[in-house]
Amino acid sequence: IMVALALGIGLSYVRADEQGLRCRNGIKTHQVPWSEIKAIRYREGDPWPFVLVRSAVEQRPLLGIQRSDRDYAERCVDDLRQRLAKAYGTDEAPEA
């Protein structure tokens with residue numbers, strides 16, 4: 001079980017482009033257009049950020065970004081928030 005868990009986290013990734021966000025958590029891949037993303041939540045103490053989805057009252061973890069990566073994780077979250085703000089045509093992404 002531990003090997004499967006480690007492998008699942010190790011295979012996870014987050015990709016963003018003009019259309020939206022693609023993330024793989026373990027073996028499941030999610031594609032979410034920017035218009036469906038309410039916010040990117042990354043609170044103090046969270047092990048990874050979450051994407052808050054508009055169409056369903058849900059949040060999806062972004063396992064491809066780990067708090068243990070410290071500054072790199074912060075830069076990744078900042079980049080996602082900037083892309084979200086750009087998609088909304090504003091200077092700042094919506095608050096989570």
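First, a word on what this report is: a plain description of the structure on this page. On a predicted model such as this, the values are computed, not experimentally measured, just so you know.

One open sheet accounts for three strands, arranged β4-β5-β6; its pairing is antiparallel. Edge positions in the sheet fall to β4 (37-41) and β6 (58-61), since each has one partner strand and no second. Along the sheet, successive strands turn relative to each other by an average axial angle of 25 degrees, direction set aside. Strand direction decides the pairing type here: β4 and strand β5 (residues 50-53), joined by four bridges, are antiparallel. Within the sheet, the bridge partner assigned to Arg 41 lies in β5 and is Phe 50.

Val 14, Leu 21, Ile 37, Ile 40, Leu 62, Ile 65 and Leu 80 are the most contacted members of the largest nonpolar core, which totals 18 residues. Elements supplying a minimum of two residues to this core: β2 (20-25), β4 and α2 (71-88). With six residues, α2 is the largest single contributor of residues to this core. Aside from chain neighbours lying at most four places away, what touches Leu 80 is Val 14, Ala 16, Leu 21, Trp 34, Ile 40, Leu 62 and Ile 65.

What counts and what doesn't
Residues numbered from 1 in each chain as written. Predicted model: local features only at pLDDT ≥ 70, side-chain atom pairs only at ≥ 80, totals over all residues. Heavy atoms only, no water. Pairing = 2+ DSSP bridges. Helix = DSSP H or I, 4+ residues; strand = E, 2+ residues; numbered from the N terminus. Axes fitted to C-alpha atoms, helices over the stretch in contact; angles between N-to-C directions. Core = buried A, V, L, I, M, F, W, Y, C linked by side-chain atoms within 4.5 Å. Buried < 20%, exposed > 50% of the residue type's maximum accessible area, 1.4 Å probe, protein only. Contact = heavy atoms within 4.5 Å.

Just distances and angles here, no functional claims.
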